Structure formats: C-alpha cells, structure tokens
Amino acid sequence: SEYFLFYNNLINDKKLIKTMKDCRYKGVFVMHPSHMENVIDFVENDTFEIVRGFADYQSIFKECKLLVSDYSSVPFDFAYMHKPVIYSQFDKETFFGKHLYSEGYFKYERDGFGPVTHAYEETLDTIIKYIENDCVIEKKYDQRILKFYKYHDKKNCERVYNEIKKL
C-alpha cells in the first residue's frame, strides 16, 4: 500500500538513520491497533524498533521527544506534554476520499500542533530538522498548545473527580 511504502521507506531511510545515529536518537514505529496484523511487513533496523504487539503509549510518550503522525488523535496527548508533532499527510486525497472519516472543525494547517507535510522528502527533511535541533518545539506551535488546552497543571483528575461529585 501507499502507507506501507511511505513509512517502511522512512524508517529505513539512510539519511534519517545517519542523522539519528549522529544525534544519538532511536526511533519507535507504532501502528494503529486496527492495522497491527500488517506490522509483520515492516522492516526493522538497529535505529527503529517496531512495536509488534501491545503499545504502552503512556511510556512511549514519556520517553519520546518527537511524534510523527497523520490524521490520528494521538498528537493531542503528545502535544499536551509540550513536545513537537509533525503531521505527515502524504495521502490526503486517498484518506478523505476512501475512508468514512471526514474533515471536521480541526484544520491541521491552522490548528495543528506542528508542521503538516505532504510529501516524502518534505517529511524527511522536517524530521531531520527537528532532530538536529534536539526536538525543540517551535514557538508558534507551543502557543497553539497553550491556547488549545485550558489547563496546564497536574490537576485534571481532581477536576474530573469534583465534577463527578457534583452529579
């Protein structure tokens, strides 16, 4: 598939692997659980680990410095931690044309928590740029995160508990 070719090429790209090794980075490739049966097709290397079963997203998010995603809701959780996100949307026409999912209020270019890329080389160059900059989030995206989330403290559970008590 177009998805397989894109991501398998990306995680095995010599330029990306060299940059990651030079900057002492490792990568983790995690597929959506509904596509896990296809994970056997992807080629692992000594720079990228491929998660081939249950993914502990909480641990992965804590350890990782950069997220590359597509149309998933996963970047909402990652961005909440003020970590950079890249939206790789090389297959936008296919995705919105052949899936039940339709575009909603959230416009990635306008509202997203990181740059949106539409081609392989653009995605590759953007990832490398972030790695070479030690994955520092760009100010404009950090501002979007601050504006999007009302609270930036560690009291979400307390707020939920208090609202439940009011019921």
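Structure first, text after, so check above.
Residues numbered from 1 in each chain as written. Predicted model: local features only at pLDDT ≥ 70, side-chain atom pairs only at ≥ 80, totals over all residues. Heavy atoms only, no water.

Engineer: An account of the environment of Glu121 is requested, with residue identities and associated values reported.
Structural biologist: By the element assignment, Glu121 lies in helix α7 (residues 120-132). Along the primary structure Glu121 and Leu10 are separated by 111 residues, whereas in three dimensions their C-alpha atoms are 9.4 Å apart. (Helix = DSSP H or I, 4+ residues; strand = E, 2+ residues; numbered from the N terminus.)

Engineer: Outline the sheet that holds strand β5 (residues 116-117), supporting the account with residue identities and numerical values.
Structural biologist: Spatially, the three strands line up as an open sheet ordered β3-β4-β5, and their pairing is parallel. Edge positions in the sheet fall to β3 (67-69) and β5, since each has one partner strand and no second. Pairing analysis gives three bridges linking β3 to strand β4 (residues 85-88), with the strands arranged parallel. The residue of β4 that forms the bridge with Ser69 is Tyr87. (Pairing = 2+ DSSP bridges.)

Engineer: Mind laying out the nonpolar core, listing which residues take part and the relevant values?
Structural biologist: With 42 residues, the main nonpolar core has Tyr7, Leu10, Leu16, Phe29, Tyr87, Phe113 and Ile127 as its most contacted residues. Mapped onto this core, the elements with two or more residues apiece are α1 (2-11), α2 (14-22), β2 (48-50), α3 (57-63), α4 (74-80), β4, α7 and α8 (139-148). A per-element tally of this core places α7 first, with five residues. Setting aside residues no more than four positions away along its own chain, Tyr7 makes contact with Phe29, Phe42, Ser69, Asp70, Ser88 and Phe90. (Core = buried A, V, L, I, M, F, W, Y, C linked by side-chain atoms within 4.5 Å. Buried < 20%, exposed > 50% of the residue type's maximum accessible area, 1.4 Å probe, protein only. Contact = heavy atoms within 4.5 Å.)

Engineer: Provide a residue-level description of the pattern of salt bridges, including the pertinent values.
Structural biologist: Scanning the model with the defined rule gives eight salt bridges in all. The residue Asp46 makes a salt bridge to Lys21 at a minimum N-O spacing of 3.4 Å. On the criterion of sequence distance, the pair formed by Asp46 in the loop between β1 (27-29) and β2 and Lys21 in helix α2 is long-range, its members being 25 residues apart. On the basis of relative accessible area, Asp46 is assigned to the exposed category, the value being 53%. For Glu138, the salt bridge identified is with Lys129, shortest N-O distance 3.7 Å. Here Glu138 falls in the partly exposed class, since its relative accessible area comes to 27%. Looking at Lys129, the relative accessible area reads 47%, which means it is partly exposed. (Salt bridge = Lys/Arg side-chain N within 4 Å of Asp/Glu carboxyl O.)

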